[in-house]
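Topology and contacts: notes
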Amino acid sequence: MALNRDELLDLYRMMVKIRTFEERVGEMYYEDKLPAFDIAAGPIPGEMHLYSGQEAVAAGVCAHLRPDDPVTSTHRPHGHLIAKGEDLKPLMAEIFGKKTGLCEGKGGHMHLFDPNLHFGCGGIVGGGIPHAVGAALAIKKRGEDRVAVSFFGEGAANIGAFHESLNLAAVLHLPVVFVVEDNLYAISVPKSVSTAVRSNAERGAAYGIPGVQVDGQDVIAVYEAAQEAVGRARRGEGPSIIEAVCYRYRGHFEGDAEGYLKPGEKESWKEKDPIHILGAQLQGQGWLSEDEVAEIQGEMTALVGEAERFARESPYPAPEEALEGVFA
Amino acid sequence: MAERLLTTSKAISEAIAQEMKRDDSVFVMGEDVGAYGGIFGATEGLLDQFGPERIMDMPISEMGFIGAAVGAATEGMRPIAELMFVDFFGAAMDQIYNHMAKIHYMSGGHVNVPMVLMTAIGGSYSDAAQHSQCLYGLFAHVPGIKVVVPSTPYDAKGLMTQAIRDDNPVMFFFHKGVMGLGWMTPNPRATGPVPEEPYTVPFGQAAVRREGSDLTILTLSLMAHRSLDAAEKLAEEGINAEVIDLRTLVPLDREAIVESVKKTHRVMIVDEDYKSFGMSGELAAIVAEDALDYLDAAPKRLAVPDVPIPYSRPMEQYVIPSVDRIAAAAKELVAE
C-alpha cells in the first residue's frame, strides 16, 4: 500500500467530517417541518440533497487538489466543498440562509460559491461540467499548473453538455478531470434504464480521453485513480475521466420515499460503508485504535456543533438585500 | 351527490390517463415520470395503468427527449413531455423555441406539432434561484407556443385535456403551490371539485374568480389564490376587487381584461414572474391600447423585481408578491 498512515488518517478524518456534517444537517432539516412535512418550514427550508455514503469520492479526489484548483460541483455539493477545505461555519450559515453564509443567504445549499477555493456548484444537472472546462482553459492560457475538476452524477453524463465538454477538453488538451459519481440513480431512474454503456469511463474513449471506473466505496481506489488523473492534468498531459460507483444513503433528497429501491438494497450498501471500510483497514494495520475512532468522531462533532451555533446565532439578511447584487 | 374533490396534481394525472385511454397516440416521456409518478405527482399512477412503453422515464437528456417529442409529434403521435422544473428548460431551449414553436409555421402550415410540454413553476419554499422561477412570459413571448397556467383542479384537468387534443405545441405550467402536494405548505385552494368524466376548458377564456367594482386584479396560478385572499381582506375594508384568472396567456382573453377595466377603471397586475419585459408589462400595454380612456389611474404592477429568487426566507418573501403586499398595493391604487 503506497499510502502511509498519516495520509490514510487524513482521508478517514475527512470522510468522518463530511458524514458528521451531513447527518447533522439531515437532523436539523426536519426541525419545525414535522409532523405534517412542510418543505418551506423550519430553520433549513427548501430541498436538501445530502452526500452521506459518497464521502470516499470527494475525499479521495480532493486529497490531490490545492486550494487554487478549480472545482465544480452539483446539487449535492457539501462533501466536495468540505473536502476542498471549506470552513464549516460559513457553509452551515449559508444552509441556514444567514447573512454570514458563504453567499450571504442568496445561494442556499445547492448554490455555493467560494472564489478563495475556486469552488462553484449549482442546481442544474450537468451545468458545472463546461465550467470546469472553461476554468481549465483559463489555466492553460495562463500557463499555470493548476487542475480543474468537475464532479457530477451518472445522470448528468447523459446531458449534451457532458459530451460537448469531453470533446472540447480533449481537442483543446486541457488540464481537467471529470469525476462521475455513479450513485446508481438519477433521482428514481436507474442507470440501466438511462445509460447505454455499463461505465461512463468507457465514454472517454469516444473523445480520446483515458477513463477508469473504480469502487467509490473504497477511498484508496478513488485516491489512486485521482492521483493518476490529476497528475496527468498537472503535467499538461490532458483530460481524464473517472467513474466512481457509490451510493446515496439518504435518497435523492430529504423526504424521498425511495419507492424505487429494491428490498434490502440500501442495507447491503451500508455494509460497504466507505468510512467503515477504511476504518477496518486502518485498525487491521494497527494504525487506528477504538479510542482514536471515538476521538476523531468527537472532534468532528464538536466542529459541526460550532458551525451550527454560528449559523443559528447569525442574523438573517435584511429583506431589501434581495434587490442588491444582480450586477457587479 | 356530493361533489368529488381532487387535488390539482390528481386532476392532471386523471386528464392524462383519460386521454391515453381515448387515444393510442398519447404517451408520456420525462424524468421520473414512471415509478416516481412525477416529482410533483402529475403522472402518479400512470405507470401501473399503462406500463413503461407509454410512460417512459427519460435519461437526463433534455435536448434529446424534448426534441424527440417534437419529432414524434410531427409523425402524428401526441407526446406529453415533462421536464420537472421550468428552470431546467435552458438545456433544451433550442428544441423548444426554434423547432417546437416554429415547425408548423415554417412548413407553411403543412406539419403539425401536437405535443404538450409540462413543467412545474414557482417559489415561496426556499428552493432558490434555479428551482423557483415562473418564466411563462419567456415562452409566451415566442410565437407558436400555447401557454397554459392553471390555478384550480377543475381548470387543470380541463385545460390538460384540451392541451392534449390541441394540434399545436402547448406548454402547461403547474405551480408547485397549487398542486395540493402533501409536502408543500398547505393550500386549501389546491383541492376542489373535479368531474369524473372527461371535459375540456377552452383556451383563451379568462375566469372572473371574484366580481368587484373598485379595481381589477389580473393574475393567474398561485397569484390568483393570493389575490383572492387579498380581495377578502380588502372587502373587510370596503374595497371590492375583481379578480380575473387569465388561465392561458397564449391565447389571451383580451376582451375579458378590457371589459373588466371598463367597469372598475383601475387595474393591478399580480405576477410571480420577473417584472420587466414580461406578462405584467404586456397586460399593462393591452390596457393602455384598448382601455386607456376608461382608466382613472395608471396600471399598477406587482411582480418579482428583476432579481433572481434568493434562497434566504426573508429575502424570498420580499420579492414574491404576498397576500399582504397585494392588499396594500390595491389600497394604494384605489386611493390614487
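A short tour of the structure in this document, coming up. None of the values given here were measured: they were computed from a predicted structure.

1. Here we look at the overall build of chain A
For chain A, the helix and strand inventory stands at 11 helices and 9 strands. Taking 328 residues into account, the globule formula puts the C-alpha radius of gyration at 20 Å, and chain A, at 19 Å, falls close to it. Each principal axis of the C-alpha distribution contributes one length, and for chain A these read about 55 × 50 × 40 Å. Looking at chain A as a whole, 60% of its 328 residues are labelled buried.

2. Side note on the overall build of chain B
Within chain B, the secondary structure is distributed over 12 helices and 14 strands. Here the C-alpha atoms of chain B give a radius of gyration of 19 Å, agreeing with the 20 Å that 2.2 N^0.38 yields for 336 residues. With 336 residues in all, chain B has 61% of them scored as buried. Across chain B, contacts joining residues at least 24 apart in sequence account for 81% of those joining residues at least 6 apart. As presented, chain B carries roughly 12,200 Å² of accessible surface, and 52% of it is formed by carbon and sulfur atoms. Taken as two groups, the 27 positive and 46 negative side-chain charges of chain B have centres that lie 3 Å from each other.

3. Points about the nonpolar core
The nonpolar side chains of a soluble globular protein tend to be buried with one another. Ranked by size, the top nonpolar core spans 160 residues in total, and within it Ile12(B), Ile16(B), Ile96(B), Tyr136(B) and Phe172(B) carry the most contacts. No other element matches the 12 residues that helix H1 (residues 5-29) of chain A contributes to this core. Three or more residues apiece are contributed to this core by two domains, here domain 1 (7-193) and domain 2 (207-335) of chain B. In this structure, Phe172(B) is in contact with Ile12(B), Val116(B), Leu117(B), Met118(B), Thr119(B), Val148(B), Pro150(B), Ala156(B), Leu159(B) and Met160(B), ignoring residues within four places of it in sequence. Core analysis: the second largest hydrophobic core is formed by 29 residues, Ala241(B), Ala297(B), Val304(B) and Ala327(B) among them.

4. Observations concerning the sheet that holds strand E13 (residues 267-274) of chain B
For sheets, the rule is that strands pair by backbone hydrogen bonds, running either parallel or antiparallel. All names here are of chain B. Strand order in this open sheet of 5 strands is E9-E11-E10-E13-E14, and the pairing throughout is mixed. At either end of the open sheet lies a strand with only one pairing partner, and these are strand E9 (207-210) and strand E14 (300-304). Each strand of the sheet is rotated relative to its neighbour by a mean of 25°, with strand direction disregarded. Bridge analysis of E9 against strand E11 (residues 241-245) gives 3 bridges, and the strand direction is antiparallel. Residue pairing for E11: valine 208 is matched across the bridge by isoleucine 244.

5. Comments concerning the interface of chain A and chain B
Bring the parts together and some accessible area is lost; that lost area is often taken as the interface size. In this complex, chain A contributes 47 residues to the contact, which on the side of chain B involves 39 residues. Between chain A and chain B the total buried area reaches about 3,200 Å² when both faces are included, carbon and sulfur atoms providing 65% of it. At the surface where chain A touches chain B, the tally comes to 0 salt bridges. At the surface where chain A touches chain B, the tally comes to 15 residue pairs in polar contact (both at pLDDT 80 or more). Of all the secondary structure elements, the ones that give two or more residues to the side of chain A that touches chain B are helix H4 (88-95) and helix H7 (191-194) of chain A. Classifying every residue of the side of chain A that touches chain B by side-chain character gives 26 nonpolar, 13 polar and 8 charged.

6. Brief notes about the sheet that holds strand E5 (residues 116-121) of chain B
Residues and elements named next belong to chain B. Taken in spatial order, the 7 strands line up as E3-E2-E4-E5-E7-E6-E12 in an open sheet, and their pairing is mixed. The open sheet is flanked by strand E3 (55-57) and strand E12 (248-250), the only strands paired with a single partner. Mean inter-strand twist for the sheet, computed between neighbouring axes without regard to direction, equals 20°. Here 3 bridges tie strand E2 (residues 26-30) to E3, and the two strands are oriented parallel to one another. Within the sheet, the bridge partner assigned to valine 28 lies in E3 and is isoleucine 55.

7. Looking at the pattern of salt bridges
All names here are of chain B. Under the criterion given, the structure shown has 45 salt bridges over all chains. Taking the shortest distance from any N to any O, the salt bridge between arginine 247 and aspartate 155 comes out at 3.0 Å. Separated by 92 residues along the polypeptide, arginine 247 in the loop between E11 and E12 and aspartate 155 in helix H7 (residues 153-165) bring together distant segments of the chain. With respect to burial, arginine 247 and aspartate 155 carry one shared label: buried. The partner of lysine 233 in a salt bridge is aspartate 324, and the shortest N-O contact between them spans 2.7 Å. Taken together, the positions of lysine 233 in helix H8 (residues 221-236) and aspartate 324 in helix H12 (residues 323-335) put the pair 91 residues apart, joining distant regions of the chain. Of the residues examined, lysine 233 reaches a relative accessible area of 37% and is grouped as partly exposed.

8. Thoughts on a nonpolar patch on the surface
Together, Leu137(A), Leu168(A), Val171(A) and Leu172(A) make up an exposed nonpolar region whose accessible area comes to about 310 Å². Here Leu137(A) is to be found in helix H5 (residues 129-141).

9. Some details on the packing of aromatic side chains
Summed over all chains, the structure comprises 15 aromatic pairs over all chains. When the ring of Tyr247(A) is compared with that of Tyr249(A), the centres are 6.4 Å apart and the planes differ by 55°; the resulting orientation is tilted. Under the relative-accessibility criterion, Tyr249(A) is labelled buried at 7%. Measuring from centroid to centroid gives 5.0 Å for Phe85(B) and Phe88(B), while their planes differ by 40°, and the two rings are tilted. This pair shows no difference in class: Phe85(B) is buried, exactly as Phe88(B) is. The rings of Phe40(B), Phe85(B), Phe88(B), Phe174(B) and Trp183(B) are connected pair by pair, giving a single aromatic cluster. A cation over a ring is seen here: Lys33(A) above Tyr29(A), with NZ or CZ 3.8 Å from the ring centre. Directly above the aromatic system of Tyr316(A) lies the positively charged group of Lys98(A), at a separation of 4.8 Å from the ring centroid.

10. What to know about the state of the cysteines
Residues and elements named next belong to chain A. Applying the stated rule across the entire model yields 0 disulfides over all chains. Left unpaired, cysteine 62 is separated from the closest cysteine sulfur, that of cysteine 121, by 13 Å. There is no disulfide at cysteine 246, and the cysteine sulfur nearest it, in cysteine 62, is 14 Å away. Look at cysteine 246 and you get buried, because its relative accessible area is 0%.

11. Describing the pairing of strand E8 (residues 211-215) of chain A
For a regular strand, side-chain orientation follows a simple rule: the groups alternate between the two sheet faces. Residues and elements named next belong to chain A. Looking at chain direction, E8 and strand E9 (residues 240-245) are connected through 5 bridges and run parallel. By the bridge assignment for E9, valine 214 is matched with alanine 244. A crossover connection joins E8 to the parallel E9 through helix H8 (residues 219-234); in handedness this β-α-β unit is right-handed.

12. Section: the side chain of Arg266(B)
Mapped onto the fold, Arg266(B) is located in the loop between helix H9 (254-264) and E13. Apart from residues no more than four positions distant in its own chain, Arg266(B) is found in contact with Asp214(B), Leu215(B), Thr216(B), Asp296(B), Ala297(B), Leu333(B), Val334(B) and Glu336(B).

Rules used throughout
- Residues numbered from 1 in each chain as written.
- Chains lettered and ligands numbered in written order.
- Predicted model: local features only at pLDDT ≥ 70, side-chain atom pairs only at ≥ 80, totals over all residues.
- Heavy atoms only, no water.
- Helix = DSSP H or I, 4+ residues; strand = E, 2+ residues; numbered from the N terminus.
- Rg over C-alpha atoms; globule rule 2.2 N^0.38 Å.
- Buried < 20%, exposed > 50% of the residue type's maximum accessible area, 1.4 Å probe, protein only.
- Contact = heavy atoms within 4.5 Å.
- Areas by Shrake-Rupley, 256 points an atom, 1.4 Å probe, with all protein chains shown as cover.
- Lys, Arg positive; Asp, Glu negative; His and termini not counted.
- Charge placed at Lys NZ, Arg CZ, Asp CG, Glu CD.
- Core = buried A, V, L, I, M, F, W, Y, C linked by side-chain atoms within 4.5 Å.
- Domains from an automatic or database assignment.
- Pairing = 2+ DSSP bridges.
- Axes fitted to C-alpha atoms, helices over the stretch in contact; angles between N-to-C directions.
- Buried area = accessible area lost by both parts, 1.4 Å probe.
- Salt bridge = Lys/Arg side-chain N within 4 Å of Asp/Glu carboxyl O.
- Polar contact = N/O pair within 3.5 Å; in protein donor to acceptor, adjacent residues only side chain to side chain.
- Nonpolar A, V, L, I, M, F, W, Y, C, P; charged D, E, K, R; others polar.
- Patch = residues over 30% accessible without salt bridge, like charges linked within 9 Å, V, L, I, M, F, W, Y side chains within 5 Å.
- Phe/Tyr/Trp six-rings, centres within 6.5 Å; stacked < 30°, edge-to-face > 60°.
- Lys NZ or Arg CZ within 6 Å of the ring centre and 35° of its normal.
- Disulfide = S-S within 2.5 Å.
- Right-handed = clockwise from strand over helix to strand, strands pointing away.

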